[in-house]
Amino acid sequence: MQLSNALYTDLSIYYDLMCCDINYQAQSLGVQRLHQLFGNGGKQYLDLACGSGPHIRHFIDAGYQCQGLDLNQPMLTLAQARCPEAGFMLADMGHFNLAQPVDLISCFLYSVHYNPNLSALSQCFARVHASLTRGGIFVFNAVDKHKISNLSSVSHSTSHLGSLFEFASAWHYNGQGEQQSLRLRIRKTTGSEQQLWQDEHPMVAVDFTQLQSLLAPYFEVHMLTHDYQSIMPWDALSGNALFVCIKA
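In every chain, residue numbers begin from 1 and rise along the written sequence. Selection of residues for local features in this predicted model requires a pLDDT of at least 70, selection of side-chain atom pairs for listing and counting requires 80 or more, and totals for whole chains, interfaces and linings are taken over all residues. Derived side-chain values reflect all non-hydrogen atoms in the structure, with water molecules and hydrogen atoms excluded from consideration.

> Pulling in residues and values, what's your account of the sheet that holds strand β2 (residues 44-48)?
Whether two strands pair comes down to DSSP finding at least two bridges between them. Each helix is a run of DSSP H or I of at least 4 residues and each strand a run of E of at least 2, with the numbering of both proceeding from the N terminus. The 7 strands are arranged β4-β3-β2-β5-β6-β12-β11 in an open sheet whose pairing can be described as mixed. The outermost strands of the open sheet, each flanked by one partner alone, are β4 (87-90) and β11 (220-225). Averaged over all pairs of adjacent strands, the angle between their axes in this sheet comes to 15°, without regard to strand direction. In this sheet, strand β12 (residues 240-246) lies alongside strand β6 (residues 132-143) in antiparallel orientation, the contact comprising 7 bridges. Within β12, the residue paired with Asn141 across the bridge is Leu242. Each of β2, β5 (102-107) and β6 touches helix α6 (residues 118-131); the most contacted strand, β6, lies at about 150° to it. Across the sheet, helix α7 (residues 208-215) lies against β6, β11 and β12, angled at about 10° from β12, the strand it touches most. Helix axes are fitted to C-alpha atoms over the stretch in contact, other axes to C-alpha atoms as well, and angles between N-to-C directions run from 0 to 180 degrees. The contact criterion used throughout is that any non-hydrogen atoms of two residues lie within 4.5 Å.

Dropping the structure here:
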């Protein structure tokens with residue numbers, strides 16, 4: 001069995017397989033509804049940590065003028081092929097500049113946690129605020145570090161070009177501090193040959209009280225149940241939530 005840790009660099013072509021169980025259309029439609037309800041009606045859109053651009057494709061089809069940002073060039077190359085109408089930039093979500101402000105910024109798939117620490121997360125929120133038009137909104141999802149179970153994981157498998165791919169991911173938090181991680185594993189089986197890739201992504205650990213405090217200087221904040229197909233207030237119990245942040 002061959003083992004590697006260069007997950008996204010070497011396996012960006014398999015990213016969509018890894019995420020094939022995600023309903024990108026439902027997530028995109030959900031954020032579009034939130035924009036209609038809370039936003040200013042504009043159609044300029046930026047997706048942070050856009051990956052290979054699946055959400056952006058749905059926003060383009062809904063009539064938005066779209067941009068995407070990611071730190072991984074192979075992902076951006078895939079995104080540009082998928083969404084030639086959009087503009088893309090290789091940049092960190094805490095250190096980017098737009099030529100013109102936009103009306104809607106999203107950060108799907110818990111990617112806001114890719115900020116390495118609370119200081120970087122605060123810087124990200126400041127850049128988002130500066131990049132929005134008045135009445136624009138920022139929508140993202142997050143996990144409360146105190147609700148993470150290190151015993152829980154999600155997994156799925158799919159076939160592609162004669163090979164079986166098995167994917168697994170899990171949060172891990174040691175119970176203190178501002179660091180958590182996302183542990184990922186991919187197993188590829190082709191006949192009798194197996195390859196295994198493992199990776200651990202360091203991420204910022206934050207609780208929802210901290211998040212609200214970091215957001216408060218910049219936004220009017222609404223916390224919603226983590227369900228893109230309904231709009232309900234967060235129940236104050238779940239460890240996952242959608243954040244809708246309005247620039248006054």
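> So what's going on with the pairing of strand β7 (residues 154-160)? Which residues, and what values?
One ladder, built from 7 bridges, connects β7 with strand β8 (residues 163-173); its direction is antiparallel. The partner of Ser159 across the bridge, within β8, is Leu164. Taken together, β7 and the strand that follows it, β8, pair antiparallel across an intervening segment of 2 residues, in which Leu161 is found at a positive phi of about 50°.

> Let's hear about the environment of Leu182: which residues, and what values?
Assignment of secondary structure puts Leu182 in strand β9 (residues 179-190). Residue classification places Leu182 among the buried positions, given a relative accessible area of 14%. Here the alpha-carbon distance between Leu182 and Ala99, two residues 83 residues apart in the chain, equals 33 Å. When sequence neighbours within four positions are dropped, the list of residues in contact with Leu182 reads Tyr114, Ser169, Ala170, Trp171, Asp199, Glu200, His201 and Met203. For every residue, the accessible area obtained with a 1.4 Å probe (protein chains only) is divided by the maximum for its type, and the residue is called buried under 20%, exposed over 50%, and partly exposed between those limits.

> So, the packing of aromatic side chains: which residues are in play, and what are the values?
Two rings belonging to Phe, Tyr or Trp (six-membered ring only in the last case) form a pair when the distance between their centres is within 6.5 Å. Interplanar angles under 30 degrees mark stacking, angles over 60 mark edge-to-face geometry, and anything in between is tilted. One pass over the full model with this rule turns up 14 aromatic pairs. Here the aromatic rings of Phe108 and Tyr228 are separated by 6.1 Å at their centres, their planes lie at 40°, and the arrangement is tilted. Of this pair, Phe108 sits in the loop between β5 and α6 while Tyr228 sits in the loop between β11 and β12; the two residues are 120 residues apart in sequence, bridging distant segments of the chain. With respect to burial, Phe108 and Tyr228 carry one shared label: buried. Between Phe165 and Phe167, the ring centres sit 6.1 Å apart and the planes meet at 5°, which makes this aromatic pair stacked. Here Phe165 falls in the buried class, since its relative accessible area comes to 1%. For Phe167, a relative accessible area of 4% translates into the label buried. Among the aromatic side chains, those forming a connected cluster through ring pairs are Phe125, Phe138, Phe140, Phe208, Tyr218, Phe219, Trp234 and Phe243.

> I'd like to hear about the nonpolar core, residue by residue, with values.
We call a set of buried Ala, Val, Leu, Ile, Met, Phe, Trp, Tyr and Cys residues a nonpolar core when their side-chain atoms join them within 4.5 Å. Among the nonpolar cores identified, the biggest contains 32 residues, and Leu48, Phe138, Phe140 and Phe243 are the most heavily contacted of them. For this core, the elements supplying multiple residues, two or more each, are β2, β5, α6, β6, α7 and β12. Ranked by the residues each element gives to this core, the list is headed by α6, at 5 residues. Sequence-distant contacts of Phe138, that is, excluding residues within four places in its chain, are made with Leu48, Ile105, Ser106, Cys107, Phe125, Val128, Leu132, Phe243, Val244 and Cys245. Counting 24 residues, the second largest nonpolar core, distinct from the first, contains Val31, Leu76, Ala79 and Leu242.

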